[in-house]
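Next come the chains, spelled out residue by residue.
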Amino acid sequence: MANQDSTNPSHALFDQFVQAQTCKEVQCTFSELCHHLQVDPRDYQSFYTKLKERLNYWKAKSLWVKLDKRAQHQDYQQGEVCAKNKCLVLGAGPCGLRTAIELALLGAHVVVLEKRDSFSRNNVLHLWPYTIYDLRGLAAKKFYGKFCTGALDHISIRQLQLILLKVSLLLGVEVQTGVEFKGFVEPSGDTGWMAKLFPDNHPAGKFQFDVFISAGGGSFVPYGFKRKELRGKLAIGITCNFINRHTAAEAQVAEISGVARIYNQKFFQDLLTETGIDLENIVYYKDDTHYFVMTAKKKSLLKMGVIKQDFSDAGKLLARVNVDQEALLRYAYDAAQFSTGHCLPDMQFAQNHAGQPDVAMFDFTCMHRAENASLVRERKGKKLLMGLVGDCLVEPFWPLGTGIARGFLAVFDTAWMVRSWGKGRPHMEVLAERESIYQLLSQTTPENTSKKYSTFSIDPATRYQHVNLNSVKAFQVRNINIIYSFYFYCQRRHNATLIVPMCVHGTDSVGAFEVLLKWCQQHTAGYDGVKVKDLNQSWRSGLALCALINTFRPCVIDMSSLEESNAVYNNQLAFNFLERELGIPPIMSASDMSFKGQIDKLSMVHYLTQIHDAFNERTPTKGLHSQTFYSPLPLQTFNLQLHTPSRTRVSALSNVVFCHHCKPATHTLYDTCYFCCQRVYVLERISTEGKLFHRSCFTCHQCGTTLRLGGYTFNQHTGEYRTSCYCIVEHHVTVQ
């Protein structure tokens, strides 16, 4: 058999593919293998089946058994559930490739884009037990024989990427490296959503997709997603990698799974005495490299000359110009030497992707978290489901080792969302369910997840012990349903067909912004003191809003009585009319609108678009006159009938065509904060558990810490909200 294997080219190519240790080598050997077997990876629906049939090799059989077992799970419905979906995944990191695998198992056509053309990240990831079980189920041991042998529970990022890349390719995923994503190309004519790439002539630029998953890391979050910064007391992390020559002497050195000062004060005091290095904790893992990660005290770094000058701002403190790189290398080297008892021979720094010593320093208590995990965009009737995974969803808190574990949980949750999308569920329900599951992510630990790892699947109920898929309602996710400006036909009372622009709930389309701006300029032209130059600051005085109202309803506002200096009065006047008569709630208070430093552009676009949709732009009535004017009285005092272009006097509401997102309620009560019972405006509110809050009021009942969605616990009996957090030196840092 051995002789036969050595003479069979396909067997030799398969062995090379399994053993390949670089991204380029994996891609090249896979391409050669497919060419020799005459199977086309682009035929994604039947590729895996044909590959198995034509590669009749005993060494591959154990691999097919593993992958077949996974593919036969009922959640994937034999790969039929998403057979009509086309998915673009941005980023070939562990979470991006793991997402691609799940989407391929669901039957989707999957393309992965990666800016880099090599895998060079040496840092080592801690694996939770379920993650180890999951990777073993994908035949990780086949591709990396050392995977989690004995008590090992970690793997380098580079090795994990190689494992997942190989599995992805075998399942028909198209992985394109050396390609930079530059943005979206909106649907036009018969074409759907596409990507703008660099180089711009890359074939993947023609790929049309209806699902986009970003795994591009914390530095890239698609437009439309908002992120929160979570910060605790300053803590400076240092990571470093040394070359592992895999000698007997190196094998004898024990790993350090985690030593903290509070548990071993003598160790850290001796380190300080011998080297001058003052640490809070240190971890040492042995993998492809000797990997160290430690938390250093700022005072120590200043004393040792690593940081040149002290700043209160963390960004300035750790800026490259304020760090002595040679001193940083000495600091990391001495800490690593001492912590291993000076037993690692001939320590040399490994190189990073830039060919420099692989040492980095960062402020790990500054973390970011996306406010929502998903959204839907629509343009010309073509919807695009978008989701986040990996660091662009939640940046990990490294001392807890949560990064890849929660990353994979989010991957499975995202795959479940795409499955619902593929089954044709209403998109608002898909978003609401995804956000319901997202609330659990930051509270997840190895202890509170299910221990039945063999039953884990993309179904959230198999992984989370207590999951409510309906905790977020469909009406609560309207703000993440982004509908681009386009037109639809509707029938009104006398069979008169109108063309009414639908709502623009946020957009990254420059064209849509320009259309809205031109419309506003057209219908506010000629008014004294009004010059609309943009979609935010030009509206501060309130005159532009009043002018816009006067153009369509000249009977309600006496423009001659308004003064530019009385901005609060002007804004309140416009706000009251728009809310009472058109059902459009203000995005902020009149005083904030008048005096706030910077008016949020997207919020104003949302507000102005609702006004645009409410008024019939084809029949502006500027020039008609009436002696009945509007005044900024409390909402309860209004009982005003308005003149319209027709001969009859009727309520303005009867002449407005609304889309289902902007249709006003039949009552005039405004939203109030659950905590303070005061009015809460659109721009300052958040919603959870069916309740609305001011962002400033959403605080922990026990300690007063500001809460975030997904980072709290709610007692239904007492109505109390409390933080679920990890405390470091009396400061709350929300667990990632």
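- If you look the protein chain up in an unreviewed UniProt entry, it shows as Molecule interacting with CasL protein 1 from Hucho hucho.
- The UniProt entry for the protein chain carries the following text under Sequence similarities (unreviewed entry): "Belongs to the Mical family."
- Looking at the protein chain in UniProt, the text filed under Cofactor (unreviewed entry) is "FAD".

### A short note on the pairing of strand S13 (residues 289-296)
Sheet faces and side chains relate simply in a regular strand, where the side chains alternate between the two faces.
1) Next: Counting buried residues along S13, 8 of its 8 residues qualify, which places the element largely inside the surrounding structure.
2) Next: The alternating pattern of S13 places Thr289, Tyr291, Val293 and Thr295 and His290, Phe292, Met294 and Ala296 on opposite faces, both of which are buried.
3) Next: Where strand S10 (residues 236-243) meets S13, 8 bridges bridge the pair, whose relative direction is antiparallel. Across the sheet, Cys240 pairs through a bridge with Phe292, a residue of S13.
4) Next: As paired strands, strand S12 (residues 279-286) and S13 are joined by 7 bridges and run antiparallel to one another. For Ile282, the partnering residue across the bridge sits in S13 and is Met294.
5) Next: Counted between consecutive antiparallel strands, the loop separating S12 from S13 contains 2 residues.

### Looking at unusual backbone geometry
1) Next: In this structure, Pro199 follows Phe198 across a cis peptide bond, with omega equal to 0 degrees.
2) Next: Checked against the element boundaries, Pro199 lands in the loop between strand S7 (194-198) and strand S8 (211-214).
3) Next: Even without being glycine, His246 reaches a positive phi, approximately 60 degrees.
4) Next: Within the secondary structure, His246 sits in the loop between S10 and helix H10 (248-252).
5) Next: Classification of His246 by relative accessible area gives partly exposed; the value is 47%.

### Description of helix H15 (residues 403-422)
Count 3.6 residues to each turn of an α-helix, and residues three or four apart come out pointing the same way.
1) Next: Here H15 spans 28 Å end to end across 20 residues, near enough to the 28 Å set by a 1.5 Å rise per residue.
2) Next: Burial of H15 is extensive: 18 of the 20 residues sit out of reach of the surface.
3) Next: Just downstream of H15, Gly424 is the residue with a positive phi angle, here 85 degrees.

### Focus on helix H9 (residues 157-170)
1) Next: Between its terminal C-alpha atoms H9 stretches 20 Å, which fits the 20 Å expected from 14 residues at 1.5 Å a residue.
2) Next: Where H9 terminates, the next one or two residues include Gly172, which has phi positive at roughly 90 degrees.

### Details of the packing of helix H6 (residues 94-105) against H9
1) Next: Here H6 crosses H9 at 20 degrees, and the two axes come no closer than 9 Å. As the angle between them shows, H6 and H9 are arranged roughly parallel. For the pair H6 and H9, the crossing hand works out as left-handed. For the pair H6 and H9, the contacting residues are Pro94, Leu97, Arg98, Ala100 and Ile101 in the first and Ile157, Leu160, Gln161, Leu164, Leu165, Val167 and Ser168 in the second.
2) Next: When grouped by side-chain class, the residues that make up the contact of H6 with H9 number 9 nonpolar, 2 polar and 1 charged.

### Here we look at the confidence of the model for the protein chain
1) Next: When pLDDT is averaged along the protein chain, the result is 81, and 81% of the positions lie at 70 or above.
2) Next: Scored below 50 in pLDDT, residues 484-509 shows 79 contacts in the model against residues more than four places distant or in partner chains.
3) Next: The low-confidence segment residues 725-736, where pLDDT is below 50, has 41 contacts with residues more than four positions distant or belonging to other chains.

### Digging into the packing of aromatic side chains
1) Next: Per the stated rule, a full pass over the model turns up 23 aromatic pairs.
2) Next: Aromatic pair Phe184 and Trp193: ring centres 6.0 Å apart, planes at 85 degrees, arrangement edge-to-face.
3) Next: Judged by relative accessible area, which is 19%, Phe184 ranks as buried.
4) Next: On the accessibility criterion, Trp193 (2% relative accessible area) is buried.
5) Next: Aromatic ring contacts, followed pair by pair, group Phe181, Phe184, Trp193, Phe207, Phe209 and Phe212 into a single cluster.
6) Next: Seen from the ring of Phe408, Arg98 lies directly overhead, with NZ or CZ sitting 5.9 Å from the centre.

### Brief notes about the sheet that holds S10
1) Next: Across the sheet, which stays open at both edges, the 5 strands sit in the order S11-S12-S13-S10-S14 with antiparallel pairing between neighbours. This sheet does not close on itself; its edge strands, each paired only once, are strand S11 (256-260) and strand S14 (359-363). Between one strand axis and the next, the sheet turns by 10 degrees as a mean value, whatever way the strands run.
2) Next: Bridge count for S10 against S14 is 5 bridges, and the pairing is antiparallel. Of the residues in S14, the one forming a bridge with Cys240 is Val359.
3) Next: Along the sheet, helix H11 (residues 265-275) contacts S11 and S12; its crossing angle with S12, the most-contacted strand, is approximately 95 degrees.

The rules we used
- Residues numbered from 1 in each chain as written.
- Predicted model: local features only at pLDDT ≥ 70, side-chain atom pairs only at ≥ 80, totals over all residues.
- Heavy atoms only, no water.
- UniProt positions renumbered as here; feature names shortened; annotations may be inferred.
- Buried < 20%, exposed > 50% of the residue type's maximum accessible area, 1.4 Å probe, protein only.
- Helix = DSSP H or I, 4+ residues; strand = E, 2+ residues; numbered from the N terminus.
- Pairing = 2+ DSSP bridges.
- Expected span 1.5 Å × (residues − 1).
- Axes fitted to C-alpha atoms, helices over the stretch in contact; angles between N-to-C directions.
- Parallel < 35°, antiparallel > 145°, perpendicular 65-115°, else oblique.
- Left-handed = near helix turned anticlockwise from the far one by under 90°.
- Contact = heavy atoms within 4.5 Å.
- Nonpolar A, V, L, I, M, F, W, Y, C, P; charged D, E, K, R; others polar.
- pLDDT = per-residue confidence, 0-100.
- Phe/Tyr/Trp six-rings, centres within 6.5 Å; stacked < 30°, edge-to-face > 60°.
- Lys NZ or Arg CZ within 6 Å of the ring centre and 35° of its normal.

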